[in-house]
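# Inside the fold
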Amino acid sequence: MGIGWEVLNMTGSAIDAVVAGCTICEQEQCDGTVGYGGSPDENGETSLDALIIDGATMNMGAVGHMKRIKSASKVARFVMENTKHTLLVGDEATEFAIQMGFKETNLSTIDSMNLWKQWKTNNCQPNFWTNVSPDPKKYCGPYKSNLLRQSKLESNHVDTKNHDTIGIIAIDHDGNIAAGTSTNGAKFKIPGRVGDSPIPGSGAYAMNTFGAAVATGDGDILMRFLPSFHAVQAMKDGDHPKNAARLVINTIAKYYPDFSGAVIAVNNYGQYGAACHGFDKFPYSIANPEQNKVSILYATCTKSKS
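Residues numbered from 1 in each chain as written. Predicted model: local features only at pLDDT ≥ 70, side-chain atom pairs only at ≥ 80, totals over all residues. Heavy atoms only, no water.

### Some thoughts on the packing of helix H2 (residues 14-28) against helix H3 (residues 72-82)
The following threshold applies: For helices, the fitted axis covers only the stretch in contact; all axes are lines through C-alpha atoms, and the angles between them, taken along N-to-C directions, range from 0 to 180 degrees. The numbering of helices and of strands both runs from the N terminus, where a helix is a DSSP run of H or I of at least 4 residues and a strand a run of E of at least 2. Should any heavy atoms of two residues lie within 4.5 Å, those residues are considered in contact. Think of it as three bins: nonpolar holds Ala, Val, Leu, Ile, Met, Phe, Trp, Tyr, Cys and Pro, charged holds Asp, Glu, Lys and Arg, and polar takes everything else, Gly as well.
Running from amino to carboxyl end, H2 crosses H3 at an angle of 145°, the nearest separation of the two axes being 8 Å. Facing Ile 15, Asp 16, Val 19, Cys 22, Thr 23 and Glu 26 of H2, the residues of H3 in contact are Ala 72, Ser 73, Lys 74, Arg 77 and Met 80. Looking at the contact of H2 with H3 residue by residue, the class counts come to five nonpolar, two polar and four charged.

Structure representation (structure tokens):
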């Protein structure tokens, strides 16, 4: 967050600030949930998601399940600025990054591989399978579909240690708004899984005329509601950012009362707010001209009544 504020103070663009903020978090492996060396997939390999949105032009770029490239946010910016596409995924996203001059490298570390080995030793618990045989709550795969069982609405295994997507919103000196995300996704996700972070309107959304929002938490649940888009639309209708974020969280909780997640919203006047569910409290950082420093605030979260 600090580096993004520094970029804005040096009259950098909102896009510059968002990319800089996400990149430093990727390099420093924020909480082990952003960048290389964290959240291994079910096969032990780390993969990355990132999204950059320009609220002035509504141009955007994203990568999903990208492997062997460290700078996911910078690659997402190349998708935005050097292609007519919005989202590139998998090995082809890696090939694109190499073509743009990025170096291919192993994203695994000793820590991430040890985490994966411990998970395997623990019978692959927890995992993201359902309605399969053998019983995924007791055994590792490979699995086969169990067509006789009916699926029910369930939330995933998300807590304060494995939910973090870095989500950044910036408003620059020209009043342009940008938003972005970066993450290495859910721990032990099924290979090929893309979460909410690189999905426009889910992980992040921005429009100069109204504001921007970012989301974090149980991505598989969040993306079903396009929470960032929903929050921006609520601000369009006149809601204060805090009320917009709360509206979105309450909507999701009606369907998934046990889900964990948070939404941060900022309108085009610089007003801000956050709402959360499933955690005790949710920390987020704010910097603006009034205080000219980065401050950490906390939103108190709602919980399931069950």
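So, next bit.
### Details of the sheet that holds strand S9 (residues 211-217)
In plain terms, the rule: Strands are labelled as partners when DSSP assigns at least two bridges between them.
In spatial order, the strands read S8-S9-S10-S11; together these four strands make up an open sheet with antiparallel pairing. The open sheet has two edge strands with one neighbour each: strand S8 (204-207) and strand S11 (272-277). Geometrically, the sheet is characterised by an average inter-axis angle of 10° between neighbouring strands, direction not taken into account. Note: S8 against S9, four bridges, orientation antiparallel. When the sheet's bridge partners are listed, Tyr 205 is paired in S9 with Ala 213. Where helix H7 (residues 227-236) meets the sheet, it contacts S8, S9 and strand S10 (261-267), and its direction lies at approximately 145° from that of S9. Each of S10 and S11 is contacted by helix H8 (residues 241-255), which is oriented at about 20° to S11, the strand it contacts most.

### Brief notes about the state of the cysteines
The following threshold applies: The rule for a disulfide is simple: a pair of cysteine sulfur atoms within 2.5 Å. Whether a residue is buried, partly exposed or exposed follows from its accessible area with a 1.4 Å probe, protein chains only, as a fraction of its type maximum: under 20%, in between, or over 50%, in that order.
Tallied over the full model, the rule gives three disulfides. Here Cys 25 connects covalently by a disulfide to Cys 30, the sulfurs 2.0 Å from one another. Given a relative accessible area of 5%, Cys 25 falls into the buried group. Taking relative accessible area as the criterion, Cys 30 reaches 24% and is therefore assigned partly exposed. Bridging Cys 276 to Cys 301, the disulfide has an S-S length of 2.1 Å. Classification of the bridge connecting Cys 276 and Cys 301 rests on its S-S torsion, roughly -100°, and on that basis the disulfide is left-handed. You can see Cys 276 sitting in strand S11 and its partner Cys 301 sitting in the segment after strand S13 (295-300), a full 25 residues away along the chain.

### Here's the deal with the pattern of salt bridges
Convention followed: We define a salt bridge as a contact between a side-chain nitrogen of Lys or Arg and a carboxyl oxygen of Asp or Glu at a distance within 4 Å.
Going through the model one piece at a time under the given rule, you end up with nine salt bridges. With its nearest N and O atoms 3.4 Å apart, the salt bridge here joins Lys 67 to Asp 91. Of this pair, Lys 67 sits in strand S2 (residues 59-67) while Asp 91 sits in helix H4 (residues 90-99), and the two are 24 residues apart along the sequence. Residue Lys 303 pairs with Asp 280 through a salt bridge whose shortest N-O separation is 2.9 Å. In this pair, Lys 303 sits in the segment after S13 while Asp 280 sits in the loop between S11 and strand S12 (281-286), placing the two residues 23 residues apart along the sequence.

### Re the UniProt feature "binding site: substrate" (unreviewed entry) in the protein
Filter applied, for reference: UniProt positions are given in the numbering used here, feature names are shortened, and annotations may be inferred rather than shown by experiment. Polar contact is defined as a pair of N or O atoms within 3.5 Å, subject to the rule that within protein one atom must be able to donate a hydrogen and the other to accept it, and that residues adjacent in sequence are counted only when both atoms are side-chain atoms.
The UniProt record annotates "binding site: substrate" (unreviewed entry) at Arg 193, Val 194, Gly 195, Asp 196, Thr 216, Gly 217, Asp 218 and Gly 219. With respect to the helices and strands, Thr 216 occurs in strand S9. Here the side chain of Thr 216 touches Thr 165 through a polar contact of 3.1 Å, landing on its backbone nitrogen. Looking at the secondary structure, you find Gly 219 in helix H6 (residues 219-222). Apart from residues no more than four positions distant in its own chain, Gly 219 is found in contact with Arg 193 and Asp 196.

### A look at the packing of aromatic side chains
As a reminder of what qualifies: Stacked, edge-to-face and tilted labels apply to pairs of Phe, Tyr and Trp rings (six-membered ring for Trp) whose centres lie within 6.5 Å, assigned for plane angles under 30 degrees, over 60, and everything in between, in that order.
What the rule picks out here adds up to six aromatic pairs. Seen from their ring centres, Trp 119 and Phe 188 are 4.7 Å apart, and the 5° between their planes marks the pair as stacked. Linking Trp 119 in helix H5 (residues 110-121) with Phe 188 in the loop between strand S7 (177-183) and S8, this pair joins segments that are 69 residues apart in sequence. Exposure class is identical for Trp 119 and Phe 188. Each is buried.

### Re the sheet that holds strand S6 (residues 166-171)
Whenever strands of a sheet pair, they do so through backbone hydrogen bonds, lying parallel or antiparallel. Ordered in space as S3-S2-S1-S7-S6, the five strands form an open sheet in which the pairing is mixed. Because the sheet does not close on itself, it has two edges, and the strands there are strand S3 (87-89) and S6. Taken pair by pair, the neighbouring strands of this sheet meet at an average axis angle of 5°, ignoring direction. Bridging between S6 and S7 involves six bridges; their strand directions are antiparallel. The residue bridging Ala 170 from the neighbouring strand is Ala 178, located in S7. Contacts between H2 and the sheet are confined to strand S1 (47-54), S6 and S7, with S7 contributing the most and set at about 15° to the helix. The sheet contacts of H4 involve S2 and S3, and relative to S2 the element is tilted by about 115°.

### Here's the deal with the UniProt feature "active site" (unreviewed entry) in the protein
Listed under "active site" (unreviewed entry) in the UniProt record, and renumbered for this structure, are Thr 165. Tracing the backbone through its elements, the reader meets Thr 165 in the loop between strand S5 (144-145) and S6. We classify Thr 165 as buried; its relative accessible area is 12%. Sequence-distant contacts of Thr 165, defined by excluding residues within four places in its chain, comprise Thr 181, Ser 182, Thr 183, Ser 197, Ala 215 and Thr 216.

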